[in-house]
Amino acid sequence: MAAQTDLWDAIVIGAGVQGCFTAYHLAQNSKKVLLLEQFLLPHSRGSSHGQSRIIRKAYPEDFYTRMMDECYRTWAQLEREAGAQLHRRTELLFLGMKENPGLKTIQATLSRQGIDHECLSSVHLKQRFPNIRFTKGEVGLLDKTGGVLYADKALRALQHVIRQLGGMVCDGEKVVEIRPGLPVTVKTTLKSYQANSLVITAGPWTNRILRPLGIELPLQTLRINVCYWREKVPGSYSVSQAFPCILSLDLAPHHIYGLPASEYPGLMKVCYHHGDSVDPEERDCPKTFSDIQDVQILCHFVKDHLPGLRPEPDIMERCMYTNTPDEHFILDCHPKYDNIVIGAGFSGHGFKLAPAVGKVLYELSMKLPPSYDLAPFRISRFSKLSKAHL
Ligand SMILES: Cc1cc2nc3c(=O)[nH]c(=O)nc-3n(C[C@H](O)[C@H](O)[C@H](O)COP(=O)(O)OP(=O)(O)OC[C@H]3O[C@@H](n4cnc5c(N)ncnc54)[C@H](O)[C@@H]3O)c2cc1C
């Protein structure tokens, strides 16, 4: 295998949304960047595929809400650069019991940061959203910034713009070995490359890449069933009827969220924010299916609260979350090799934030001061990580 003589400023492993936005920022800043992806693009084996994702500013934590300002601007910039619509504002309706502390915290963050929102009593909810059947005592919080991102289109747009800016995207090349050092050497199934810095954004495969580098992060990979439900009256839960995204906090052990019918006409997406633990190589393997429980939870939810939808899913697609114990991201340098940067553990909420994540990973890889306080995202917060894992 002949070594390539070119020296890259940075190599990024993984062309999911986080790797793409990292390469985008590197290329925007005139860095020589190589983005490596194990599968041929586009693919549906990771966490970033599919038609849609929710975007919102509403978070319990100020630090995510603050990052979202820049994210909205960068998503809009990408739309202009790619000449494609990637975002549609729909508003996002949080539903929870009046005394739900999470709902109160989110509302406090929105108020503190001056973000347009509205609190809705049970009476107002019934008037405004006749297609939803509410539980007694349930109230609403409407995040006016909420909307939908077109995920597959966004990835296509990003890869197009990265190439336009001079970045190189190589798909169908799996990274099989990393030799730390300056430069760092990266071997794929096809070639060997060298770079001054390396960014690892390998989603559910992160620990497979990190183990030979002497570190194992506390990540859990979950299989998520992405369910679409047919409208009894076409259009009744659709974006064209101004139906919002919804996020129900209290009616199941984990959140349930929905996106108005848009990508598949006549079908609304309603999903459970949890799933079974799974090896990423076996996500779609029929032998490991034991996932009916979360679909049953959704069937009950749809039957009881969205009476205008048929109560069994019409379409089921699959995706993966890679969760950390506190569900906050990992954005940090490898504890031993400071020119190896890690972006991982996006815990089912990383898509909307990818513009800011990519910027921070670019900054870490170029040894620039990060634009955000990275304390919540440091590897060292997992104090129980034993020496054997580092
Ligand atoms: C069903 C579902 C719904 C979601 N909804 C939302 C939402 O509404 N809002 C939101 O903000 N977020 C949402 N998310 C979360 C968001 O989609 C993820 O946080 C994000 O896509 C993670 O991106 P990633 O780049 O880290 O991972 P991935 O997309 O998995 O990318 C990792 C890439 O690395 C590649 N790779 C791995 N190993 C190698 C190797 N050795 N060599 C080369 N390449 C390699 C993989 O093939 C893959 O392409 C949702 C996720 C799911 C699954």
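Treat the numbers as computed from the prediction; the structure is a model and nothing was measured. Chains are numbered independently. Their residues run from 1 in the order of the written sequence. Residue-level local features of this predicted model are given only where pLDDT is at least 70; pairs of side-chain atoms are given and counted only at 80 or more, and the full residue set underlies all totals for whole chains, interfaces and linings. The side-chain values count all of the structure's non-hydrogen atoms but skip hydrogen atoms and water molecules.

Trainee: Honestly, the domain arrangement of the protein chain in this entry has me stumped. Any pointers?
Mentor: Where the parts come together, the accessible area they lose is often given as the size of the interface. Domain start and end points were adopted from an automatic or database domain assignment. Considered domain by domain, the protein chain is made up of domain 1 (3-48 + 152-218 + 326-389) and domain 2 (92-144 + 220-323). Once you take the C-alpha centre of each, domain 1 and domain 2 turn out to be 30 Å apart. Whether two residues are in contact is decided by their heavy atoms: any pair within 4.5 Å suffices. Contacts between domain 1 and domain 2 engage 14 residues on the former and 12 residues on the latter. Computed with a 1.4 Å rolling probe, the buried area is the accessible surface lost when two parts are put together, summed over both parts. Of the roughly 1200 Å² buried where domain 1 meets domain 2, counting both sides, 39% is carbon and sulfur surface. Looking only at domain 1, the three residues that lose the most surface to domain 2 are Arg 45, Pro 204 and Arg 208, adding up to 36% of its buried area. When a carboxyl oxygen of Asp or Glu is within 4 Å of a side-chain nitrogen of Lys or Arg, the pair counts as a salt bridge. There are two salt bridges connecting domain 1 and domain 2. Close ionic contact of Arg 208 with Asp 279 constitutes a salt bridge, the shortest N to O distance being 2.8 Å. We define a polar contact as two N or O atoms separated by no more than 3.5 Å, with the added condition that, inside protein, one atom must be a possible hydrogen donor and the other a possible acceptor, whereas residues neighbouring each other in sequence contribute only through side-chain atom pairs. The interface formed by domain 1 and domain 2 includes eight residue pairs in polar contact (both at pLDDT 80 or more). When residues are sorted by character, Ala, Val, Leu, Ile, Met, Phe, Trp, Tyr, Cys and Pro go into the nonpolar class, Asp, Glu, Lys and Arg into the charged class, and all the rest, Gly among them, into the polar class. Across the side of domain 1 that touches domain 2, the residue classes tally to four nonpolar, seven polar and three charged.

Trainee: Before we go on, may I ask you to explain helix H3 (residues 101-112) in this structure?
Mentor: Since one α-helical turn is 3.6 residues long, residues separated by three or four positions face the same way. Its 12 residues give H3 an end-to-end C-alpha distance of 16 Å, which sits within 8% of 16 Å, the value for a rise of 1.5 Å per residue. For H3, the full list of buried residues reads Leu 103, Ile 106, Thr 109 and Leu 110. Along the axis of H3, the buried residues cluster in a sector spanning 125°; they form a single face. Exposed residues pointing more than 90 degrees away from the buried face of H3 are listed as Pro 101, Lys 104 and Arg 112. Put simply, DSSP marks the helices as runs of H or I at least four residues long and the strands as runs of E at least two long, and each gets a number from the N terminus on. On its buried face, H3 sits against helix H2 (62-82), strand S5 (92-97), strand S6 (117-120) and strand S7 (138-143). Once H3 finishes, Gly 114 follows within two positions and takes phi at roughly 65°, a positive value. Here a helix's expected span is defined as the number of its residues, less one, multiplied by 1.5 Å. Classification of residues uses two cut-offs on accessible area relative to the type maximum, computed with a 1.4 Å probe and protein chains only: under 20% is buried, over 50% is exposed, and between them is partly exposed. Directions drawn from the helix axis to the C-beta atoms are what define this arc.

Trainee: Got a minute to help me understand the site of the ligand in this structure?
Mentor: Residues are classed as near a molecule or strand on a simple rule: at least one heavy atom within 4 Å of it. Around the ligand, the structure places 37 residues, and the nearest of them are Glu 37, Ser 48, Ile 54, Cys 319 and Lys 352. Within the contact set of the ligand, an oxygen atom lies 3.3 Å away from a backbone nitrogen or oxygen of His 349. Throughout, the Shrake-Rupley method with a 1.4 Å probe supplies accessible areas, and for residues the shown protein chains are the sole cover considered. Summarising the interface, the protein chains cover 97% of the accessible area of the ligand, which totals 1000 Å² for the free molecule. Counting only elements with at least two residues in the shell around the ligand, the list comes to helix H1 (17-28), strand S3 (52-55), strand S13 (220-230) and strand S18 (315-323).

Trainee: Would you take a moment to explain the pairing of strand S2 (residues 33-36) for this structure?
Mentor: Because side chains alternate across S2, one face comprises the buried residues Val 33 and Leu 35, and the other comprises Leu 34 and Leu 36, equally buried. Only strands joined by at least two bridges in the DSSP assignment are considered to pair. Where S2 lies against strand S9 (residues 168-170), three bridges are found, and the strand directions are parallel. Of the residues in S9, the one forming a bridge with Leu 36 is Cys 170.

Trainee: Sorry if this is basic, but what is going on with the pairing of strand S16 (residues 267-272) here?
Mentor: Two faces, one strand: in a regular strand the side chains alternate between the faces of the sheet. For S16, the tally of buried residues reaches six of six residues, placing the bulk of the element in the interior. Of the two faces of S16, both are covered, the one formed by Leu 267, Lys 269 and Cys 271 as well as the one formed by Met 268, Val 270 and Tyr 272. Sheet analysis places S13 next to S16, joined by three bridges and oriented antiparallel. Looking across to S16, one finds that Trp 229 is bridged to Met 268. Pairing analysis gives four bridges linking strand S15 (residues 256-259) to S16, with the strands arranged antiparallel. Residue Tyr 257 lies in a different strand from S16, and its bridge partner there is Cys 271.

Trainee: Where do I start with unusual backbone geometry in this structure?
Mentor: Excluding glycine, residues mostly have negative phi values, and the peptide bonds linking residues are mostly trans. In this structure, the amide linkage connecting Leu 41 to the following residue, Pro 42, adopts the cis form with an omega of -5°. Within the secondary structure, Pro 42 is located in the loop between S2 and S3. The residue Ala 242 is not glycine, and still its phi comes out positive at about 60°. Its location among the elements puts Ala 242 in the loop between S13 and strand S14 (245-248). Since its relative accessible area comes to 60%, Ala 242 is described here as exposed. Within the chain, Ser 347 stands out as a residue other than glycine whose phi angle is a positive 50°. Secondary-structure assignment places Ser 347 in the loop between strand S20 (340-344) and helix H8 (354-365).

Trainee: Whenever I open this one, the nonpolar core confuses me. Can you help?
Mentor: In plain words, nonpolar cores are sets of buried Ala, Val, Leu, Ile, Met, Phe, Trp, Tyr and Cys residues tied together by side-chain atoms within 4.5 Å. Counting 49 residues, the largest nonpolar core has Trp 75, Leu 78 and Leu 353 as its most contacted members. Mapped onto this core, the elements with two or more residues apiece are strand S1 (3-13), H1, S2, H2, helix H5 (151-164), strand S19 (330-333) and H8. Listed in part, the 31 residues of the second largest apolar core include Ile 13, Cys 170, Ala 195 and Ala 344.

Trainee: What am I meant to see in the state of the cysteines here?
Mentor: Two cysteines joined by a covalent bond between their sulfur atoms form a disulfide. Only a pair of cysteine sulfur atoms within 2.5 Å counts as a disulfide in this structure description. In this structure the tally under the stated criterion is zero disulfides. We note that Cys 20 lacks a disulfide partner, and the nearest cysteine sulfur, in Cys 170, lies 13 Å from it.

Trainee: Before we go on, may I ask you to explain the sheet that holds strand S8 (residues 147-150) in this structure?
Mentor: Adjacent strands of a sheet form backbone hydrogen bonds with each other and so pair up, either parallel or antiparallel. Across the sheet, which stays open at both edges, the three strands sit in the order S3-S8-S4 with antiparallel pairing between neighbours. Both edges of this open sheet fall to S3 and strand S4 (87-89), since each of them pairs with a single strand only. Pairs of neighbouring strands in the sheet enclose a mean axial angle of 25°, with direction left out of account. Here S4 pairs with S8 via three bridges, running antiparallel. Across the sheet, Arg 89 pairs through a bridge with Gly 147, a residue of S8. Each of S3, S4 and S8 is contacted by H2, which is oriented at about 140° to S3, the strand it contacts most. Together, S3 and S8 form the strand contacts of H5, whose direction differs from that of S8 by roughly 50°. Lines fitted to C-alpha atoms define the axes here, with helix axes fitted over just the stretch in contact, and angles between the N-to-C directions of these axes take values from 0 to 180 degrees.

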